[in-house]
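Observations on the model geometry
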Amino acid sequence: MARTHTAEETKTAMHKVVAEMYDRIIKGEPPTMTLPVRTKTNIGFDKKLGVYKYGKKQSVRDATSLGSAKQLLRTLHVVEFIEEMLDAGKSSTLREMYYISEGWGMGKFGSQNDSNNLAEDLEIVTKCLREDFKLRPEEDGARMIGNLTLRERNRRGEWMRINARDDVGDSGYGVPYNVELEKIELLEHDIDFIMAIETGGMFDRLIENGFDEQYRCGLLHLKGQPARSTRRIMKRMSEEWDLPVVVFLDGDPWSFRIFASIAYGAIKTAHISEYLATPSATYLGITADDIVAYELPSDDLSKKDVEALNAELTDPRFADSWWQEQINMMLELGKKAEQQSLAKYGLDFVTETYLPEKLAELGLA
Amino acid sequence: MTGIAQKLASNQKQVAISEFFEKNKHFLGFDSLARSLITAVKEAVDNALDACEEARILPTIRIQITKVDANKDIIRMVVEDNGPGIPQKSIEKVFGQLLFGSRFHAIRQSRGQQGIGITGVVMYCQLTTGRATHVRSKIATEPTAAFVDIGLDTRKNKATKANAGREIWYNEDGSGKEHGTEVTAEMKAKYQKGRQSVWQYLRMTSIVNPHAEIIFIDPDGEKHHWTRVTERLPTKVESIKPHPHGIELGQLQRMVAESNDLNVNHFLLNNFSGVTNRARKELCEAADIAGTRKMKTVKGDDIRHLLEAFQGERVFNGMPVKLLKPPTNCLSPIEELLIKKGLSKTIDSRFVSTLTRVPSVTQGNPFQIEVGLIFGGDMAGDKPVEILRFANRVPLMYQQGGCLLTKAIESVDWRQYGLDQAGGRGVPKGPAAVLVHLASTNVQFTSEAKEALADNAEVMEEGRKAMLEMGRGLRKHLEKKKKMAKTKEKFELINDILPAIAKKSAEILDRPVPELSGSITKIMSAVISETTTEWNKQTKQTDVEIILFNYTSRVRAYTILATWPEKSGAKIENNENGGRKEALGVWAWKLESLQPGEKKIIAYSLSGLERGDWTETEVLFRGSQDVIGATKMDEKFLQEIRRQEQILDESGIDSPDTESMSESEMESEQVSETPVEETVEPAVAPPEGQRTLFGGEV
């Protein structure tokens, strides 16, 4: 379902949205735009795809209030703008579109967040992808290091062969915003698994300690909540190379959410979960158990942390017993811990003791 | 004033003026260096206002404060007015006389109830700096101004004058001054800023004296200017005689002792208000005193009995003697429109509502409460509201917490009217200022300092009622504002956004631009009214326009009503839609049919008003479908207006006062048998209810 579309297909899909508004006016009704409800109350597990998708709940955005009417007008301006880009063979970033909207009069965006949300709305309703709209994200792609080889088409249109261990510097291979086939081909690898890491400090620690070579793995720096392209390339590597993915994050409620967006699909992008999520990914740590078992230095949960954990308890993505146990345990402990708290036992503890022990549980070391 | 003057008189012989001052400075208003300056300005300004009022001159008062010696806190005050001036020989009397011929039989609303007047200032200057007060004054009929230095001989306890002379008084622009008085005084004092300052005193004075032009130059040389907003001088107040309900024993004793009346009958009829011939007879009987008794023979117990009869402790036929209420024409309220103007010029805001209640009586003293509320604008939203208290047009600046007027404000649960108030008690918080003015012939203070009004159930109740009424006005305003914001949004939606959606979607689909009326009806699904009330510079009239849109799919019919200041003498002009008078200050138009999508305009102008007099028209409607932007007619509202109309009509009728009796009748004992007219019901306006209240947008 989630696949790229041609310019004509994209236009046709967008015209359907416009026609809904137009036809309502012709009928003497307020114009509307119908879209799925985008909250955790409307995501469900899709057994066929193995990820969480939007359910059947629809919300109707109609022009009976000023805010909604303005949103409809903005949508029309965005559609027009995308059509112009498609015709001219151009693309723009979401931020650029936000600034271009300055010229849209009453249809201009109130904030950049507005323009991001609207682009997502349009994706959801048209079932097209952002890439089809020629809208690029501002977000930063991930860094990757490990003995894996891919081919990237550079800006001159030439294919470059890159080995993410031998052809890159210490900062690794930078994942571009477009990781589709027309841009990136996965060639070969000599690794046993991929490890996604939340913080740059831990990523660098593992590289410095030569963890990738010793344990035959590819290391990926997520940079917090991973960008779409980061999630997409993880999924491709996992599927095309049939590699396990383990996720190594801080031990706090926000890390749980990062993992959920990697493995099950993010709520905001549930319309393309099957395209971004890696259902086989495993949460390696830091778990609530680890805080106790390794006696890690920890911080008290803030009010917001507790709220987030409670919200996760009712999130369908965390409905299984392992997650319920972890979340409840963290609530009971009232504590959270960072990845780098492992340094309590020395700089090599993470690579010589913690990770080998955790990987052994999964049969990866 | 009486009490202090007498105290002064009795003390004068024994103690030196300096000692007297030291002992009594707290109630003379000179207890701190900061307050001394305010008191000095106050005495001078009060004198100027009173003189102008008396001479029916619109006052222009200029006050300049300069620091003579900042290290020693020596300050010079110059107050100049355009009053009638004081004849040369009277200057000494006004500024140097310690005793006043007090007319305690005459009761009326007056400013000078605090301190000992300008003489106190002269004394204070002499005692703190050793310097005399320089006075210059010119009356219109003389070509030159008289000047003189007034001081005090502290050893002889006597006023002194020196350096008297005459000169031509030039204005700043070189022209000759026609009339006025200028006081220059140097004293030990401190100039302060803030809530208790000369600035605040003048600002408050300007609010309740909208007919005055006040210019203040502070020690930094900064000029503060409060402009005149009305040409109307306060109405001249009539003196009234004391009412038996408000008399105390001491006063009655004095009145009896000083009486030149022939006998008790004459005494009662000549010296009191509210005593009819019937009441006179009944009072004598209740007090067990023959009406023909010569006044000289009335002593001790007789006076006490008379007082007991006054107070209803001694009865006639088992009932306290019924008395008329005192007349209320002795009061001079500022009045709604003028308070509104006074407030608006000093405080920037969005909403002003003012209310003058009809006069009422407590313990034989007529009084009247006026309130004003100003909301929004630049005022801080998280602080307690500013309270502006006044008694007989004099600002009260100290002891706010202990004052009856503050308590009246605190007794209202302001939360229901849109202000913050912890627990529904205390001074509310919000971007507002509340004004309370008590006009009364006898203002009761908590102490000699005369800064806080003493508790009084009737005054409190009147104040509270006024606050409630004003609060309702504020709530209405806030609700209306919310509704108007919503309506404005809807108009933006259908006038701007919807056409843009139609146009853009048609462009993208390459189809014709669709018709919008159906969608508009569905989106609005209401009848909407928009009202503007604007001052027209060219015509000097207030233009009102009421627009009605029918955004429903059915034909509608309404009666539209609008409020207008009929009571203030306005006239409706250019009213092409005709209509009829519904009640005092309410005009009505019948709209037989308003078609779907139709727009109707009711436009008219109001003449006879000044700019800022009328800034918000309340629009009401009768009809089944709601009108956004108008209020459904509450018939009780009309009843209330009609009731007030009646009160006003009645108050126009003169009160049938004491019937006069022939001398012969008065001499004989038979007089008491003469049947007299029973007039129990007062003919002046009853105390219940208020004049009107229509808030306004500034």
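Keep in mind the model is a prediction, meaning the values are calculated, not measured.

Per the secondary structure count, chain B includes 16 helices and 25 strands. Across the 698 residues that make up chain B, the buried fraction comes to 43%. Counting contacts in chain B only where the partners sit at least 6 residues apart, residues at least 24 apart contribute 74% of the total.

This part covers the sheet that holds strand β3 (residues 133-138) of chain B. Residue and element names in this part refer to chain B. Pairing in this open sheet of 8 strands is mixed, and the strands run β5-β4-β3-β6-β2-β1-β7-β8 from one edge to the other. In the strand order of this sheet, the two ends are held by β5 (158-167) and β8 (223-226), each with one partner. Sheet twist, expressed as the average angle between the axes of neighbouring strands with direction ignored, equals 15 degrees. Where β3 lies against strand β4 (residues 145-153), 5 bridges are found, and the strand directions are antiparallel. The residue of β4 that forms the bridge with H134 is D149. Here helix α4 (residues 88-96) sits on the sheet in contact with β3, β4 and β5, set at roughly 35 degrees to β4.

Another point: the sheet that holds strand β8 (residues 148-153) of chain A. Residues and elements named next belong to chain A. Reading across from one edge, β9-β8-β11 is the order of the 3 strands in this open sheet, with antiparallel pairing throughout. Across the chains shown, the open sheet's two edge strands, defined by having one partner strand only, are β9 (159-163) and β11 (184-189). For this sheet, the mean angle separating the axes of adjacent strands, direction not counted, is 20 degrees. By the bridge criterion, 5 bridges tie β8 to β11 in an arrangement that is antiparallel. Each residue of the ladder has a partner; that of R151, found in β11, is E185.

On to the interface of chain B and chain A, then. The parts lose accessible area when they come together, and the size of an interface is often stated as this lost area. Taken residue by residue, the interface counts 21 residues in chain B and 24 residues in chain A. Mapped by element, the contributors of at least two residues to the side of chain B that touches chain A are α13 (457-509) and α14 (517-524) of chain B. Tallying contributions element by element places α13 of chain B first for the side of chain B that touches chain A, with 14 residues. Classifying every residue of the side of chain B that touches chain A gives 12 nonpolar, 3 polar and 6 charged.

So, about the nonpolar core. Counting residues in hydrophobic clusters, the biggest one holds 105 residues, and the most contacted among them are V41, V434 and L438 of chain B. With 10 residues, the single largest contributor to this core is helix α3 (residues 33-55) of chain B. Filtering out sequence-adjacent residues up to four positions away, V434 of chain B remains in contact with L373, V385, I387, L388 and I409 of chain B. Core analysis: the second largest hydrophobic core is formed by 67 residues, Y52, V245, A270 and M330 of chain A among them.

Both strand β2 (residues 43-46) of chain A and strand β3 (residues 51-54) of chain A contribute to a ladder of 4 bridges, which runs antiparallel. Bridging across to β3 of chain A, D46 of chain A finds its partner in V51 of chain A.

Here we take up the environment of M33 of chain A. Residues and elements named next belong to chain A. Topologically, M33 is positioned in strand β1 (residues 32-36). The exposure class assigned to M33 is buried, which follows from the 22 C-beta atoms found within 10 Å. Spatially, the C-alpha atom of M33 lies 8.4 Å from that of V18, the residues being 15 residues apart in sequence. The contacts of M33, once residues within four sequence positions are left out, are V17, E20, M21, R61, L72, T75 and V125.

This next bit is on the confidence of the model for chain B. All names here are of chain B. Averaged over all residues, the pLDDT of chain B is 81; the fraction at 70 or higher stands at 86%. This stretch, residues 8-14, has a pLDDT under 50; its non-local contacts, to residues over four places away or in other chains, come to 8 contacts. Within the model, pLDDT remains below 50 along residues 652-698, and this stretch shows 94 contacts once partners closer than five positions in the same chain are excluded. Two summary scores accompany this predicted model of the complex, namely pTM at 0.63 and ipTM at 0.76.

Turning our attention to helix α5 (residues 118-129) of chain B. Residues and elements named next belong to chain B. Between the first and last C-alpha of α5 there are 16 Å, a value that for 12 residues agrees with the 16 Å anticipated at 1.5 Å per step. Taken together, the buried positions of α5 are occupied by I118, T119, G120, V121, V122, M123, Y124, C125, Q126 and T128. Residue G130 follows α5 closely and has a positive phi angle near 75 degrees.

What follows is about unusual backbone geometry. A cis geometry characterises the amide bond from G285 of chain A onward to I286 of chain A, with omega recorded as 5 degrees. Mapped onto the elements of the fold, I286 of chain A is located in the loop between β15 (282-285) and α10 (288-293). The backbone of K223 of chain A sits at a positive phi, close to 55 degrees, despite the residue not being glycine. Not every positive phi belongs to a glycine, and N574 of chain B is a case in point at roughly 50 degrees. Relative to the assigned elements, N574 of chain B resides in the loop between β18 (571-573) and β19 (580-583).

A word on the environment of I43 of chain A. All names here are of chain A. Looking at the element boundaries, I43 is found in strand β2. In this structure, the C-alpha to C-alpha distance between I43 and P316, residues 273 residues apart in sequence, is 7.5 Å. Ignoring any residue separated from it by four or fewer positions in sequence, one finds I43 in contact with Y52, K53, Y54, G55, I267, A270 and P316.

This brings us to the packing of helix α1 (residues 7-26) of chain A against helix α2 (residues 66-88) of chain A. All names here are of chain A. Here α1 crosses α2 at 160 degrees, and the two axes come no closer than 11 Å. One way to sum up the angle between α1 and α2 is to call them roughly antiparallel. When the axes of α1 and α2 are compared, the crossing they make is left-handed. Only L72, T75, L76, V79, I82, E83 and L86 of α2 make contact with α1, whose side of the interface consists of A7, T10, K11, M14, V17, V18 and M21. Here the contact of α1 with α2 is composed, by residue class, of 10 nonpolar, 2 polar and 2 charged.

All names here are of chain A. At their nearest, the axes of helix α11 (residues 303-313) and helix α12 (residues 321-333) sit 10 Å apart, and the two run at 155 degrees to each other. It follows from the interaxial angle that α11 and α12 lie roughly antiparallel. For the pair α11 and α12, the sense of crossing is left-handed. For the pair α11 and α12, the contacting residues are V306, L309, E312 and L313 in the first and Q324, I327, M330 and L331 in the second. Each residue belonging to the contact of α11 with α12 can be placed in one class, and the counts come to 6 nonpolar, 1 polar and 1 charged.

Cut-offs used in this document
- In this numbering scheme, every chain counts its residues from 1 along its sequence in written order.
- Think of it this way: whatever chain is written first is A, whatever ligand is written first is 1, and the rest follow in order.
- Since the coordinates come from a predicted model, pLDDT governs what is reported: local features require at least 70, and pairs of side-chain atoms require 80 or more to be given and counted, while whole-chain, interface and lining totals use all residues.
- Helix numbers and strand numbers start at the N terminus; a helix is a DSSP run of H or I with at least 4 residues, a strand a run of E with at least 2.
- Three exposure classes are used, based on other C-beta atoms lying within 10 Å of a residue's own C-beta, which is placed from the backbone: buried for 20 or more, exposed for 12 or fewer, and partly exposed in between.
- For every residue pair, C-beta atoms are placed from the backbone, and the pair is scored as a contact if these atoms sit within 7 Å.
- Pairing between two strands is assigned when DSSP locates at least 2 bridges connecting them.
- Convention adopted: a line fitted to C-alpha atoms gives each axis, helices being fitted over their contacting stretch, and angles between N-to-C directions are expressed from 0 to 180 degrees.
- Only Asp, Glu, Lys and Arg are considered charged, only Ala, Val, Leu, Ile, Met, Phe, Trp, Tyr, Cys and Pro nonpolar, and every remaining residue, Gly among them, polar.
- To count as a nonpolar core, a set of buried Ala, Val, Leu, Ile, Met, Phe, Trp, Tyr and Cys residues must be joined through C-beta atoms within 7 Å.
- pLDDT gives the predictor's per-residue confidence on a scale running from 0 to 100.
- Here the expected span of a helix is defined as 1.5 Å times the quantity of residues minus one.
- Here is the rule for angles: anything less than 35 degrees is roughly parallel, anything more than 145 is roughly antiparallel, 65 through 115 is roughly perpendicular, and the remaining ranges are oblique.
- The hand of a helix crossing depends on one turn: near helix anticlockwise from the far one by less than a right angle means left-handed, and clockwise means right-handed.

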